[in-house]
Amino acid sequence: MKGVIQSWLKAGIIENGVYEETISGTPQGGVISPLLMNIALHGMETMLTEELSRRDKQQSRKLAPTLIRYADDFVVLDEDPAIIQKAQEVVSTWLANMGLELKPSKTKITHTLQEYQGAIGFDFLGWTVRQFPVGKTHTGTNRYGTSLGFKTIIKPSREATERHLADVKAVIRRNRSAPQGQLIKELNQVIHGWTNYHRTISATETFHRCRYILFYQLQAWANRRHSNKGKEWIANQYWQVDEGKGWIFTDGKSRLWSHDRTTIQYHTKVKGPASPYDGKLLYWSQRLSKHPLLNGVKGKLLHKQEGKCRWCGLHFKDEDIIEIDHITPKSEGGGEELSNKFALHRHCHDNRHAQRVNGTYDKSCITEEPCDGKLSRTVLEPSGGGDPFA
């Protein structure tokens, strides 16, 4: 491992086709920097817990500050400002032993609900974390279910938003004379990446603002290309009106991905110490129904089937490829309703259709339990007709 790290440190960089040796430091954006920081800062949370743990006399419980770290960026949370002050001193001393120090311009103490030293909340990894007073119907609760009177809201930080808008502006300027399709392709890459990163927080308002600004940036781009044309001609040339979705920037072949087309998908926290490798297949298969890639029909079918494949009867896992098949094929009059669909492993889907082709598939019953490699065979007799999967 030391040899690999030394090779990375001595590898040098290539910029614009020119090789330059590494004299000192680590390459900006290279994999070696976060790796070394994770190695160096490993154990910081344990150290803080040991140094600053105390006993809450009222609740008769042990309290300790919470540390959240991503590579060399970290934040320490606690209810007592004196503990935060002490944490800064303890961390500074701990870092000094390995030749590191906190950067003064990026180190501050703040409060997430009330103004403290002229600021409220904090920015972390491109997000702004704040708490707002709310009524009893919207209030958050502590670990004991007691109402707090405020709610924590995380939004994209102003700095991250302005940096994104500057990147979008640079793409538009770089493609002043390029075809519309090329501009759309490059903008979509930037917009997709940025919105996917921020879609797990309260970013709807920010997405709408970015779309609003981008519209006028594109309007200026089009006006510059056709300074002798009227606004109506330019609008018809570069935009189409889609009912219910407003103006769409498109060349007929590709269309611009608008910021607000990315839906907000809040993360559901994993319960306790659960791990995909702990053997609790039922929990993880049911959790798949809330997976961002499995929302909609797949999620409903997974919940309905209790996380099991209707062909083999095994639980789905996170790495499985899940496909949807029709119980009664559309060629035989089957519809698109949910009761005529079920979720299968990809290989089970192929196996089912292979049996249909070679004539070994038994259509005499619809089943729910696995039976000899065929669709499971619990014969159901629903009262009043209807499909047994419904």
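Parameters at a glance
- Residues numbered from 1 in each chain as written.
- Predicted model: local features only at pLDDT ≥ 70, side-chain atom pairs only at ≥ 80, totals over all residues.
- Heavy atoms only, no water.
- Salt bridge = Lys/Arg side-chain N within 4 Å of Asp/Glu carboxyl O.
- Buried < 20%, exposed > 50% of the residue type's maximum accessible area, 1.4 Å probe, protein only.
- Helix = DSSP H or I, 4+ residues; strand = E, 2+ residues; numbered from the N terminus.
- Contact = heavy atoms within 4.5 Å.
- Axes fitted to C-alpha atoms, helices over the stretch in contact; angles between N-to-C directions.
- Parallel < 35°, antiparallel > 145°, perpendicular 65-115°, else oblique.
- Left-handed = near helix turned anticlockwise from the far one by under 90°.
- Patch = residues over 30% accessible without salt bridge, like charges linked within 9 Å, V, L, I, M, F, W, Y side chains within 5 Å.
- Areas by Shrake-Rupley, 256 points an atom, 1.4 Å probe, with all protein chains shown as cover.
- Pairing = 2+ DSSP bridges.
- pLDDT = per-residue confidence, 0-100.

1. Topic: the pattern of salt bridges
Thought 1: Counting across every chain of the model gives 10 salt bridges.
Thought 2: We note a salt bridge from Lys-330 to Glu-336, for which the minimum N-O separation is 3.1 Å.
Thought 3: By relative accessible area, Lys-330 is classed as exposed at 52%.
Thought 4: Linking Arg-356 and Glu-332 is a salt bridge whose minimum nitrogen-to-oxygen distance equals 3.1 Å. Of this pair, Arg-356 sits in helix 11 (residues 346–358) while Glu-332 sits in the loop between strand 12 (322–326) and strand 13 (341–345), and the two are 24 residues apart along the sequence.

2. Points about the environment of Arg-346
Thought 1: On the secondary structure map, Arg-346 appears in helix 11.
Thought 2: Expressed as a C-alpha distance, the spacing of Arg-346 and Ile-322, which sit 24 residues apart in the sequence, is 5.8 Å.
Thought 3: Dropping the residues within four chain positions of it, Arg-346 is found in contact with Ile-321 and Glu-323.

3. Looking at the packing of helix 1 (residues 2–10) against helix 2 (residues 32–41)
Thought 1: The geometry of helix 1 relative to helix 2 is characterised by a closest axis approach of 11 Å and an angle of 135 degrees between their N-to-C directions. As far as their axial angle goes, helix 2 and helix 1 are oblique. Our pair here, helix 1 against helix 2, has a crossing hand that is left-handed. Where helix 1 approaches helix 2, its residues Ile-5, Trp-8 and Leu-9 are matched on the opposing element by Ile-32, Leu-35, Leu-36 and Ile-39.

4. Quick look at a nonpolar patch on the surface
Thought 1: Taken together, the side chains of Met-1, Val-4, Trp-8 and Val-31 present a nonpolar region at the surface, about 430 Å² in accessible area.
Thought 2: Summarising the element assignment, Val-4 is placed in helix 1.
Thought 3: Taking the relative accessible area as the measure of exposure, Val-4 reaches 41% and is therefore partly exposed.

5. Observations regarding the sheet that holds strand 9 (residues 150–156)
Thought 1: With antiparallel pairing, three strands are arranged side by side in an open sheet as 7-8-9. The sheet is open, and its two edges are formed by strand 7 (122–124) and strand 9, each paired on a single side. Here the average twist between neighbouring strands, direction ignored, is 30 degrees.
Thought 2: Relative to strand 9, strand 8 (residues 127–133) is paired through seven bridges, and the arrangement is antiparallel. By the bridge assignment, Val-129 is partnered in strand 9 with Ile-154.

6. Let's talk about the pairing of strand 6 (residues 73–77)
Thought 1: Relative to strand 6, strand 5 (residues 66–70) runs antiparallel, the two being bridged by five bridges. Looking across to strand 6, one finds that Arg-69 is bridged to Phe-74.

7. Re the confidence of the model for the chain
Thought 1: Taken over all residues, the pLDDT of the chain has a mean of 82, while the share at 70 or more is 85%.
Thought 2: The spread of mean pLDDT over the elements of the chain runs between helix 9 (residues 281–287), the lowest at 70, and helix 5 (residues 158–174), the highest at 95.
Thought 3: Taken as a whole, residues 364–390 scores under 50 in pLDDT and shows 58 contacts with residues more than four places along the chain or in a different chain.

8. Some words on the pairing of strand 12
Thought 1: Most of strand 12 is tucked away: four of the five residues are buried.
Thought 2: Alignment of strand 12 against strand 13, held across five bridges, turns out to be antiparallel. Across the sheet, the residue bridging to Asp-325 is Phe-342, located in strand 13.

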